[in-house]
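Here is what each chain is made of, one letter per residue.
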Amino acid sequence: MSADPIIIAVPKGRILEEALPLLAAAGVRPEPAFGDEGSRALRFTTDDPGIELIRVRAFDVATFVAHGAAQLGIVGSDVLAEFGYSELYAPVDLGIGHCRISVAEPADMAAADDPRGWSHVRVATKYPGITARHFAARGVQAECVKLNGAMELAPTLGLAPRIVDLVSSGRTLKENGLVEVEVIAEVTSRLVVNRAAMKTRARVVPLVEAFRRAVADLPSRLREGSGEGLSAHVAGATHPPLTPPASGREI
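All values reported here derive from a predicted model rather than from experimental measurement.

A. Examining the side chain of Q71 more closely. Mapped onto the secondary structure, Q71 falls in the loop between helix 2 (58-66) and strand 4 (72-76). Exposure remark for Q71: the relative accessible area of 7% places this residue in the buried category. Engagement of the side chain of Q71 in a polar contact is seen with the backbone nitrogen of I7, the distance being 2.7 Å. From its side chain, Q71 meets the backbone oxygen of G68 in a polar contact 3.4 Å long. Here Q71 is in contact with P5, I6, I7, V65, V192, V193, N194, A197, R201 and V204, once residues within four sequence places are set aside.

Okay, here's the thing in structure tokens:
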């Protein structure tokens, strides 16, 4: 058994706050600084010397896990849908980080618009893959302008008349004069696991099962909206039940 600790990658921001009680319920209790967003530290110990946590940007969690720098991580289903990641299992919907991927446009445009009549759209988004597949399925040609942030500026500055972005409360859209006109998919956070680590690190499967039990014990209000709407977009979305691998066998 490797002496190296198991590394769990967790995204910064709102998801980190929601993940803390879930981590604790799974038996992973980080040092106090982990929950302090003001801390500049990126790697943290837990009360288990065999488990450590890293705190990184949401879009980077899957990259760390896919390349084996971390063995497990918490990733939004939007990220999995956009990038695929054949190196990952996503065996557990954690039931946190609820939001949706939506199409939005200026309110005055929406007042006279009907999405059913679209044949071509120009869209600003950080999800060009999800966006293109969604519109292609409807027979709509999508021209995607890739942005990593400040999406709401695109319509007002003439970059693109519509955007596709994550929406939670809708407040940011409203404050920038935009309204949702179409929901592409519901989003939740998933536990992801490096495929190689699943077969070579003895503690990985028990940890996954601990997260599965923790999710089952969560209050039902935290599990509303399972995010199944992304199943058609996620590469390899149907994941097999997780069981400890027998020696030399695929799982």
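Now that the structure has been shown, we can carry on.
B. Region of interest: the packing of aromatic side chains. All chains considered together, the criterion is met by five aromatic pairs. Relative to F44, the ring of F34 has its centre 5.2 Å away and its plane inclined at 80°; by these criteria the two rings are edge-to-face. Of the two residues, F34 sits in the loop between helix 1 (14-25) and strand 2 (43-45) while F44 sits in strand 2, which places them ten residues apart along the sequence. The residues F34 and F44 share a single accessibility class, namely buried. Members of the aromatic cluster, each reached through a chain of ring pairs, are F59, F83, Y85 and Y127. In this structure, R162 packs its charged tip against the face of W118, placed 4.3 Å from the ring centre. One Lys or Arg, R195, reaches over the ring of Y89 and ends 4.2 Å from the middle of that ring.

C. Representation of the environment of A19. Mapped onto the fold, A19 is located in helix 1. In this structure the C-alpha to C-alpha distance between A19 and I74, which are 55 residues apart in sequence, comes to 8.4 Å. Aside from chain neighbours lying at most four places away, what touches A19 is V10, I74 and I96.

D. Representation of the sheet that holds strand 1 (residues 6-11). Spatial ordering of the open sheet is given by 2-3-1-4-11-5, a layout of six strands whose pairing is mixed. With one partner strand each, in any of the chains shown, strand 2 and strand 5 (88-93) form the two edges of the open sheet. Recorded for the sheet is a direction-independent mean angle of 30° between the axes of neighbouring strands. Relative to strand 3 (residues 51-56), strand 1 runs parallel, the two being bridged by six bridges. Looking at strand 3, one finds that I6 is bridged to I51. Along the sheet, helix 1 makes contact with strand 1, strand 3, strand 4 and strand 11 (189-194), crossing strand 1 at roughly 140°. Each of strand 1, strand 3, strand 4, strand 5 and strand 11 is contacted by helix 2, which is oriented at about 145° to strand 4, the strand it contacts most.

E. How the structure looks around the sheet that holds strand 6 (residues 99-106). Here five strands make up an open sheet; going across it, the order is 8-7-9-6-10 and the pairing mixed. In the strand order of this sheet, the two ends are held by strand 8 (141-146) and strand 10 (178-187), each with one partner. On average, each strand axis in the sheet is tilted by 30° relative to the strand beside it, whichever way the strands run. Here six bridges tie strand 7 (residues 120-125) to strand 8, and the two strands are oriented parallel to one another. Looking at the pairing, T125 lines up with K146 of strand 8. Relative to strand 8, helix 5 (residues 128-137) is tilted by about 170°, and along the sheet it contacts strand 6, strand 7, strand 8, strand 9 (162-167) and strand 10.

F. Seen up close, the pattern of salt bridges. A complete count under the given rule lists twelve salt bridges for this structure. Between E52 and R43 there is a salt bridge, with the nearest N and O atoms lying 2.5 Å from each other. Residue classification places R43 among the exposed positions, given a relative accessible area of 52%. Here R171 ties to E175 by a salt bridge, and the two come within 2.8 Å at their closest N and O atoms. Separated by four residues within a single helix, R171 and E175 lie in helix 7 (residues 171-175), roughly one turn from each other. Since its relative accessible area comes to 59%, R171 is described here as exposed. It is possible to trace a salt-bridge network through shared partners that takes in E105, D113 and R162.

How each quantity is defined
- Residues numbered from 1 in each chain as written.
- Predicted model: local features only at pLDDT ≥ 70, side-chain atom pairs only at ≥ 80, totals over all residues.
- Heavy atoms only, no water.
- Helix = DSSP H or I, 4+ residues; strand = E, 2+ residues; numbered from the N terminus.
- Buried < 20%, exposed > 50% of the residue type's maximum accessible area, 1.4 Å probe, protein only.
- Polar contact = N/O pair within 3.5 Å; in protein donor to acceptor, adjacent residues only side chain to side chain.
- Contact = heavy atoms within 4.5 Å.
- Phe/Tyr/Trp six-rings, centres within 6.5 Å; stacked < 30°, edge-to-face > 60°.
- Lys NZ or Arg CZ within 6 Å of the ring centre and 35° of its normal.
- Pairing = 2+ DSSP bridges.
- Axes fitted to C-alpha atoms, helices over the stretch in contact; angles between N-to-C directions.
- Salt bridge = Lys/Arg side-chain N within 4 Å of Asp/Glu carboxyl O.

Honestly, that's just the spatial picture; any functional story needs more than this.
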